[in-house]
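Notes for the structure review
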Amino acid sequence: FFQEVFRSFKKSSMSFLWAQYNRALAAQPLVVKALTSFTGFTAGDLLAQKAVEGKEEIDFVRTARMATFGLLWHGPSGHYFYGFLDSKLPGTTMATVFTKVGIDQLLWNPIFGIVFFSYLGVAEGKSQSDIVAKIKSDLPTAVTGSWAYWIPAHFVNFKFIPGEQRLLYINCMQIMYNIFLSFLGNKEVKKEE
């Protein structure tokens, strides 16, 4: 009896939360998408620090940099970029899906990487030459690493996910990718001797 009551409560709670999320998304799409990106980048960095790097103490300043990147850039830019892409390439035919994936990975991905490494560098107070060195060192790894993960993820995204839910899906997938991105973004560049 209690298991059934708990299952019913859990299911109705999730339905309620999903409905609330969708109401908020319809009323304030930019804000909601920025906040979901904030959450995704926060979670990804915390997982990177604990699970990948095995840090004893969490670097909350680093997490704040990642979180604010999600809030200030990823969420808003994703809202506009994917909205633009959907408006210019409507539908889910295979040709449309592959075109969207190609545009995302060949055009948007490098732009995203440059902004990401630049944002972190500026937030850390690094010099312009240090930021350029970071981009030269790690952008190729970020872009090609992205291809392995995001091409299949975006195939699902553009084929099956409704446009208004697109950034939520991306942010859920982004948590795992952010582990890689946070590690790469916070890795020191080897100085040339």
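Placed above this text is the structure.
These numbers come from a predicted model, not from an experiment.

1. Notes on the overall build of the protein
- The number of helices and strands found in the protein is six helices and zero strands.
- Reading the helices (α) and strands (β) of the protein from amino to carboxyl end gives α-α-α-α-α-α.
- Taking the principal axes of its C-alpha atoms as reference, the protein extends roughly 70 × 45 × 30 Å.
- When burial is assessed residue by residue, the protein has 39% of its 193 residues classed as buried.

2. Considering the packing of helix α2 (residues 29-52) against helix α3 (residues 60-88)
- In the contact formed by α2 and α3, the axes pass within 7 Å of each other and the chain directions differ by 145°. The two elements α2 and α3 cross, and the hand of that crossing is right-handed.
- Looking at the contact of α2 with α3 residue by residue, the class counts come to 14 nonpolar, eight polar and three charged.

3. Quick word on the packing of aromatic side chains
- Enumeration according to the criterion identifies 16 aromatic pairs in this entry.
- Ring centres of Phe-116 and Phe-117 lie 5.3 Å apart, and the angle between their planes is 65°; on these two criteria the pair is classed as edge-to-face. Of the two residues, Phe-116 and Phe-117, both sit in the buried class.
- The structure contains a cluster of three or more aromatic residues connected by ring pairs, namely Phe-41, Phe-69, Phe-112, Phe-116, Phe-117 and Tyr-119.

4. A look at α2
- Helix length check: α2, at 24 residues, gives a terminal C-alpha distance of 33 Å against a target of 34 Å (1.5 Å per residue), a fit within 8%.
- Buried within α2 we find Val-32, Lys-33, Ala-34, Thr-36, Ser-37, Gly-40, Phe-41, Thr-42, Gly-44, Asp-45, Ala-48 and Gln-49.
- Backbone geometry just after α2 places Gly-54 at a positive phi near 65°.

5. Quick word on a nonpolar patch on the surface
- Where nonpolar side chains cluster on the molecular surface, the patch consists of Leu-106, Leu-107, Trp-147 and Ile-151 and spans about 400 Å² of accessible area.
- Residue placement: Ile-151 occurs in helix α5 (residues 128-160).

6. Considering the pattern of salt bridges
- If you walk through the whole model with that rule in mind, you get nine salt bridges.
- In this structure, Lys-134 engages Asp-138 in a salt bridge whose closest nitrogen and oxygen atoms are separated by 2.6 Å. In this pair, Lys-134 and Asp-138 both sit in helix α5, four residues apart, roughly one turn of the helix.
- When its relative accessible area of 2% is taken as the criterion, Asp-138 is described as buried.
- Asp-138 is the partner of Lys-187 in a salt bridge, and the nearest nitrogen-oxygen pair spans 3.1 Å. Of this pair, Lys-187 sits in the segment after α6 (166-185) while Asp-138 sits in helix α5, and the two are 49 residues apart along the sequence.
- Members of the salt-bridge network, linked through shared partners, are Asp-45, Glu-53, Lys-55 and Arg-62.

7. A closer look at the packing of helix α4 (residues 94-123) against α5
- For the pair α4 and α5, interaxial distance at closest approach is 8 Å and the crossing angle is 145°. Here α4 and α5 pass one another in a crossing that is right-handed.
- Of the residues that constitute the contact of α4 with α5, the class distribution is 19 nonpolar, seven polar and five charged.

What counts, and where the lines are drawn
Residues numbered from 1 in each chain as written. Predicted model: local features only at pLDDT ≥ 70, side-chain atom pairs only at ≥ 80, totals over all residues. Heavy atoms only, no water. Helix = DSSP H or I, 4+ residues; strand = E, 2+ residues; numbered from the N terminus. Buried < 20%, exposed > 50% of the residue type's maximum accessible area, 1.4 Å probe, protein only. Axes fitted to C-alpha atoms, helices over the stretch in contact; angles between N-to-C directions. Left-handed = near helix turned anticlockwise from the far one by under 90°. Nonpolar A, V, L, I, M, F, W, Y, C, P; charged D, E, K, R; others polar. Phe/Tyr/Trp six-rings, centres within 6.5 Å; stacked < 30°, edge-to-face > 60°. Expected span 1.5 Å × (residues − 1). Patch = residues over 30% accessible without salt bridge, like charges linked within 9 Å, V, L, I, M, F, W, Y side chains within 5 Å. Areas by Shrake-Rupley, 256 points an atom, 1.4 Å probe, with all protein chains shown as cover. Salt bridge = Lys/Arg side-chain N within 4 Å of Asp/Glu carboxyl O.

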